[in-house]
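Residue-level structure breakdown
For reference, the chains in residue letters:
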Amino acid sequence: MRLILLGPPGAGKGTQAQRLVTRHGIVQLSTGDMLRAAVAAETEIGLKAKDIMAAGGLVPDEVVIGIISDRIEQADASNGFILDGFPRTVPQAEALDVLLKSKGLNLDAAVELRVNESALLERVETRVAEMMARGEAVRADDTPDVLSKRLAAYRASTEPLIDYYSEKRKLITINGMMSIDEVTLEIDRVLAAIRDDSGSAKPARKAAKKVPAKKSAAPKKAAKAKAAKAPAKKAVKAPAKKAKVAKKAAKKVVKKAAKKAVKAPKKAGKAASKAKTTKSTKKTVKKAAKTVKKTVKKAVAKVAKKSAKSVRKLAKKRAKR
């Protein structure tokens, strides 16, 4: 789980963060703690932050984002984390979104603990009075005046994050005025629902992968390719068919001529025999028959060559196109 806790000072974010860490095996990431750790480790970003803090300046967002980037890559953050003290502004939230996206991660929820500010002030006043009655030292930052200033700062800079995460449908609002245990139970209930929703979404994604768009598009592409090839094939076959038809027609004409030529000498032979022709006449008839046969063979061969050439030429032209 990757979470952000939102709420004004005194809303109980620290207490709930510790309970979430224990229940879900995730880490709580405080920007203050991370900055100090980076400075102590003398990392590149830590040294930048050290110089800025030494000069009394505020650490810029890009440096804080760099420290968070390094921290969430550590092994103990592999199960998830809770960000404490960041983001405080909408630009910081946008920068965080970019960072998580670059790492292939998603924010699961921004949990807002909504409380009554006047009730918070009353709590602080009561606590201070009790501490003073017991003779205990009161922290300088734990007074109604300091709390009023912190609440004003929260409303000005951090409260816009409520709208930001609401628009992204990441916001979960919990009534922070309930008891600590009741708040914990409500947070657990909502987070369990989020886990169930994300779990039910996974099988749907796997099912969708079984029928990829590329495979479904293959038959269409094949059909288009066939449709495109069909006219080309027809265009190539058409002249070939015409050539075959012409060849057949030529053969028929030649055969008819040959038959007539062969029949003519036979008829002449019959006529000659009837007229009791001489041997010399029969020889002449035989020679004429042979000549006719040779002529027929040559004519058939010539026609076949011409038709074959025309077919080859047409095929070459189609191939070039």
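Here the structure is shown first, and the text comes after it.
Remember, it's a predicted structure, so these values are computed and weren't measured experimentally.

**A look at the overall build of the chain**
Secondary structure assignment for the chain yields eleven helices and five strands. Counting the 321 residues in the chain, one finds 28% classified as buried. Nonlocal contacts in the chain, meaning residues at least 24 apart in sequence, comprise 74% of its contacts between residues at least 6 apart. Working note: accessible area of the chain is about 21,800 Å², and carbon and sulfur atoms make up 57% of it.

**Comments concerning the sheet that holds strand β4 (residues 109-114)**
The pairing of strands in a sheet happens through backbone hydrogen bonds and is either parallel or antiparallel. One open sheet accounts for five strands, arranged β2-β3-β1-β4-β5; its pairing is parallel. Of all the strands in the sheet, the pair left with one neighbour each is β2 (27-30) and β5 (171-175). Each strand of the sheet is rotated relative to its neighbour by a mean of 25°, with strand direction disregarded. Pairing of strand β1 (residues 2-6) with strand β3 (residues 81-84), which is carried by three bridges, proceeds in the parallel orientation. Looking at the pairing, Arg-2 lines up with Phe-81 of β3. Against the sheet, helix α2 (residues 31-41) makes contact with β2 and β3, and its axis sits at roughly 80° relative to β2, the strand it touches most.

**With respect to the nonpolar core**
For soluble globular proteins, the rule of thumb is that nonpolar side chains tend to be buried together. Ranked by internal contacts, the top residues of the largest apolar core, which has 32 residues, are Ile-4, Ile-67, Ile-68, Leu-83, Leu-96 and Tyr-165. The set of elements that each furnish at least two residues to this core consists of β1, β2, α2, α3 (44-54), α4 (61-71), β3, α5 (90-102) and α8 (160-167). With five residues, α4 is the largest single contributor of residues to this core. For Tyr-165, the contacting residues outside a window of four places in its chain are Ile-4, Leu-6, Pro-87, Ala-93, Leu-96, Leu-107, Ala-110, Lys-170 and Leu-171.

**Brief notes about the packing of α2 against α3**
Packing of α2 against α3 leaves a shortest axis separation of 7 Å and a crossing angle of 105°. The orientation of α2 relative to α3 falls into the category roughly perpendicular. Where α2 abuts α3, its residues Leu-35, Ala-38 and Val-39 lie against Gly-46, Ala-49, Lys-50 and Met-53. Looking at side-chain class alone, the contact of α2 with α3 contains five nonpolar, one polar and one charged residues.

**Some words on the pattern of salt bridges**
Applying the stated criterion across every chain, the model contains ten salt bridges. With a closest N to O distance of 2.7 Å, Arg-19 and Asp-181 form a salt bridge. One end of the pair, Arg-19, is in helix α1 (residues 13-24); the other, Asp-181, is in helix α9 (residues 180-210), and 162 residues separate them in sequence. Residue Arg-19 is classed as partly exposed on the basis of its relative accessible area, which comes to 29%. A residue is classified by how much of its surface remains accessible, and Asp-181, at 48% relative accessible area, is partly exposed. Across the pair Asp-188 and Arg-23 runs a salt bridge whose closest N-O atoms are separated by 2.7 Å. One end of the pair, Asp-188, is in helix α9; the other, Arg-23, is in helix α1, with 165 residues separating them in the sequence.

**Structural notes on the side chain of Thr-184**
With respect to the helices and strands, the residue Thr-184 is situated in helix α9. Of note is the side chain of Thr-184, whose polar atom sits 3.0 Å from the backbone oxygen of Ile-180. Excluding its chain neighbours within four sequence positions, the residues that come into contact with Thr-184 are Gln-16, Arg-19 and Arg-23.

**Concerning unusual backbone geometry**
Across the chain, the bulk of peptide bonds are trans and the bulk of non-glycine residues have phi less than zero. A positive phi angle is found at Glu-42, which is not glycine, with a value near 55°. Tracing the sequence through the fold places Glu-42 in the loop between α2 and α3. Positive phi values are uncommon outside glycine, yet Arg-169 reaches one of about 60°.

Rules behind the numbers
- Residues numbered from 1 in each chain as written.
- Predicted model: local features only at pLDDT ≥ 70, side-chain atom pairs only at ≥ 80, totals over all residues.
- Heavy atoms only, no water.
- Helix = DSSP H or I, 4+ residues; strand = E, 2+ residues; numbered from the N terminus.
- Buried < 20%, exposed > 50% of the residue type's maximum accessible area, 1.4 Å probe, protein only.
- Contact = heavy atoms within 4.5 Å.
- Areas by Shrake-Rupley, 256 points an atom, 1.4 Å probe, with all protein chains shown as cover.
- Pairing = 2+ DSSP bridges.
- Axes fitted to C-alpha atoms, helices over the stretch in contact; angles between N-to-C directions.
- Core = buried A, V, L, I, M, F, W, Y, C linked by side-chain atoms within 4.5 Å.
- Parallel < 35°, antiparallel > 145°, perpendicular 65-115°, else oblique.
- Nonpolar A, V, L, I, M, F, W, Y, C, P; charged D, E, K, R; others polar.
- Salt bridge = Lys/Arg side-chain N within 4 Å of Asp/Glu carboxyl O.
- Polar contact = N/O pair within 3.5 Å; in protein donor to acceptor, adjacent residues only side chain to side chain.

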